[in-house]
Amino acid sequence: MVAAKRRSVIAAICAVFGSLAAVAETMPVVVDDGIPAPLSALVGDAARGKAIVASRQQGFCTLCHQIPNDVAASAVFQGNLAPSIAGAGSRWSAAQLRLRMVDSRRLNPNSIMPAYHRTEGLTRVGIAWRTKPILDAQQIEDVVAFLVTLK
Ligand code: HEC
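Reference entry: report on the structure contained in this document. (Residues numbered from 1 in each chain as written. Predicted model: local features only at pLDDT ≥ 70, side-chain atom pairs only at ≥ 80, totals over all residues.)

Turning to the overall build of the chain, a few remarks are in order. In terms of regular secondary structure, the chain is built from five helices and zero strands. Seen in sequence order, the chain has helices and strands lined up from the N terminus as α-α-α-α-α. In the chain, buried positions account for 25% of the 151 residues. Taking the contacts inside the chain whose residues are at least 6 apart along the sequence as the reference set, 52% of them involve residues at least 24 apart. (Helix = DSSP H or I, 4+ residues; strand = E, 2+ residues; numbered from the N terminus. Buried ≥ 20, exposed ≤ 12 C-beta atoms within 10 Å, placed from the backbone. Contact = placed C-beta atoms within 7 Å.)

With that settled, the discussion passes to the site of the ligand. Taken together, 24 residues are adjacent to the ligand, and G59, C61, C64, A82 and S111 come closest. Secondary structure elements with two or more residues in the shell around the ligand: α3 (88-91), α4 (94-103) and α5 (137-147). (Near = placed C-beta within 6 Å.)

All right, on to the packing of α4 against α5 then. Contact pair α4 / α5: the axes reach a minimum separation of 9 Å and the direction vectors enclose 135°. By the criterion of interaxial angle, the relationship of α4 to α5 is oblique. The handedness of the crossing between α4 and α5 comes out as right-handed. Note on element contacts: α5 touches α4 through I140, V143, V144 and L147, opposite A94, L97, R98, M101 and V102. Its residues assigned to classes, the contact of α4 with α5 shows eight nonpolar, no polar and one charged. (Axes fitted to C-alpha atoms, helices over the stretch in contact; angles between N-to-C directions. Parallel < 35°, antiparallel > 145°, perpendicular 65-115°, else oblique. Left-handed = near helix turned anticlockwise from the far one by under 90°. Nonpolar A, V, L, I, M, F, W, Y, C, P; charged D, E, K, R; others polar.)

Our next topic: unusual backbone geometry. Unlike most non-glycine residues, D32 shows phi in positive territory, near 55°. On the secondary structure map, D32 appears in the loop between α1 (2-23) and α2 (46-54). With phi around 40°, F60 is a residue other than glycine that occupies positive phi space. Secondary-structure assignment places F60 in the loop between α2 and α3.

So, about the nonpolar core. Ranked by size, the top nonpolar core spans 21 residues in total, and within it M101, I140, V143, V144 and L147 carry the most contacts. Put simply, the parts of the chain that give this core at least two residues each are α4 and α5. Here this core gets six residues from one element, more than from any other, and that element is α5. Here V144 is in contact with G44, G49, A94, L97, R98 and M101, once residues within four sequence places are set aside. (Core = buried A, V, L, I, M, F, W, Y, C linked by C-beta atoms within 7 Å.)

So, on to the environment of S90. Residue placement: S90 occurs in helix α3. According to the C-beta neighbour criterion, S90 is exposed, with 9 such atoms within 10 Å. C-alpha of S90 to C-alpha of V148: the two residues are 58 residues apart in sequence and 7.4 Å apart in space.

So, to be careful, I would describe these as geometric facts and stop short of saying anything about function.
Here is the structure:
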């Protein structure tokens, strides 16, 4: 009786974790210093990406980066902890930009740039946020679509 109950509890737990694993995104495939395939085969929208980059609530890129003026004329206080992203689309391919957005620490373990689309191995992140990346797959693709236009 007890054993049967225990088995059904275990079965229920397995079912929950099984369905979680099914919805979890698979880790994108890294080739050299990039992620060649768009995340979840999504198509990015440069206009939405531009809005995310300029936003102090979503991307908060301007905390560290200078960004070209037409993007964030309103962003008066732009940080200088990082190189300007002007011309990023000439320096990097979409694949390289995608990996830098997903997890820049794969390239520079000491980078202060947040891993925008990583959920594993996070420390000092509130429990409620640990399973959520800063930007979802669509938002990463939007930002990449915008960055490649910065020639
Ligand atoms: C907390 C600071 C910080 C924030 C916030 C940040 N970055 Fe960065 N980023 C860096 C640093 C520092 C580098 C330089 C490389 C390194 O150390 O990883 C960098 C590098 C880059 C590069 C490559 C630059 C080049 O051309 O050499 C791009 C592109 C980039 N970041 C885009 C973004 C975007 C887009 C956002 C917002 C969604 C963002 N970053 C937010 C710190 C930051």
